[in-house]
Amino acid sequence: MDSDTVWTAVALILVIEGLLPFASPNGWRQAFTRLIQLRDGQIRFFGLISVACGLTLLWLLS
């Protein structure tokens, strides 16, 4: 994997993460308000699921 591919992936992540606050700032704010109310274990679980899904997708695409 060359550095251009890595920077392209980083740029794509930034675009995707910017879509919700751009399209619906109020919805984005409400989502973060709910996120703040979660316990640490719940946030870690969602993080673990996100990492597992990302790694699975990378494995399937390679």
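> Would you mind showing me how to read the overall build of the protein chain here?
A count of helical and extended segments in the protein chain gives 3 helices and 0 strands. Along the protein chain, helices (α) and strands (β) appear in the sequence α-α-α when read from the amino end. The C-alpha extent of the protein chain, read off along each of the three principal axes, is 40 × 30 × 15 Å. Each of the 62 residues in the protein chain was classed as buried or not, and the buried ones make up 0%. For the protein chain, the computed accessible surface area is about 5800 Å², with 71% contributed by carbon and sulfur atoms. Within the protein chain, the 4 negative side-chain charges are centred at a point lying 23 Å from the centre of the 4 positive side-chain charges.

> Mind showing me how you'd approach the packing of aromatic side chains here?
Aromatic rings in a pair are described by how distant their centres are and how their planes are angled relative to each other. Under the defined criterion, the tally for this structure stands at 2 aromatic pairs. Measuring from centroid to centroid gives 4.9 Å for Trp 28 and Phe 32, while their planes differ by 55 degrees, and the two rings are tilted. Taken as a pair, Trp 28 and Phe 32 lie in helix H2 (residues 25-36) at a separation of 4 residues, close to a single helical turn.

> Just to check I follow, could you spell out helix H3 (residues 40-61) for this structure?
Helical geometry note: an α-helix holds 3.6 residues per turn, so side chains three or four residues apart project in the same direction. Counted at 1.5 Å a residue, the expected span for H3 with its 22 residues is 32 Å, and the 32 Å between its end C-alpha atoms agrees. Counting buried positions along H3 yields 0 of 22 residues, so the element is predominantly exposed.

> Can you help me understand the environment of Asn 26 in this one?
By secondary structure assignment, the location of Asn 26 is in helix H2. Sequence-wise, Asn 26 and Leu 60 are 34 residues apart; in three dimensions their C-alpha atoms are separated by 35 Å.

> Please clarify how the confidence of the model for the protein chain should be interpreted in this entry.
If pLDDT is low for a region, its predicted coordinates should not be looked at in detail. When pLDDT is averaged along the protein chain, the result is 91, and 98% of the positions lie at 70 or above. Per-element mean pLDDT across the protein chain ranges from 90 in helix H1 (residues 3-23) up to 93 in H2.

> I keep staring at a nonpolar patch on the surface and nothing clicks. Help me out?
A cluster of nonpolar side chains, namely Leu 20, Trp 28, Phe 32, Leu 35 and Ile 43, defines an oily patch on the protein surface of about 430 Å² accessible area. Counting residues per element, the nonpolar patch draws most heavily on H2, at 3 residues. Among the residues examined, Phe 32 registers a relative accessible area of 40% and is labelled partly exposed.

> Looking at this structure, how should I read the layout of surface pockets?
Over the atoms, a rolled probe matching the size of one water molecule traces out where space is still vacant. The space that makes up the largest pocket amounts to roughly 320 Å³. Taken together, Glu 17, Ala 31, Phe 32, Leu 35, Ile 43, Phe 46, Gly 47 and Ser 50 form the lining of the largest pocket. At 4 residues, the largest contribution of residues to the lining of the largest pocket is made by H3. Residues of the lining of the largest pocket, tallied by class, amount to 5 nonpolar, 2 polar and 1 charged.

What counts and how
Residues numbered from 1 in each chain as written. Predicted model: local features only at pLDDT ≥ 70, side-chain atom pairs only at ≥ 80, totals over all residues. Heavy atoms only, no water. Helix = DSSP H or I, 4+ residues; strand = E, 2+ residues; numbered from the N terminus. Buried < 20%, exposed > 50% of the residue type's maximum accessible area, 1.4 Å probe, protein only. Areas by Shrake-Rupley, 256 points an atom, 1.4 Å probe, with all protein chains shown as cover. Lys, Arg positive; Asp, Glu negative; His and termini not counted. Charge placed at Lys NZ, Arg CZ, Asp CG, Glu CD. Phe/Tyr/Trp six-rings, centres within 6.5 Å; stacked < 30°, edge-to-face > 60°. Expected span 1.5 Å × (residues − 1). pLDDT = per-residue confidence, 0-100. Patch = residues over 30% accessible without salt bridge, like charges linked within 9 Å, V, L, I, M, F, W, Y side chains within 5 Å. Salt bridge = Lys/Arg side-chain N within 4 Å of Asp/Glu carboxyl O. 1 Å grid on protein atoms, 1.4 Å probe; cavity = no way out; pocket = protein on both sides within 12 Å on 5 of 7 lines; lining within 4 Å. Points joined across faces, edges and corners; volume = space filled by probe spheres on them. Nonpolar A, V, L, I, M, F, W, Y, C, P; charged D, E, K, R; others polar.

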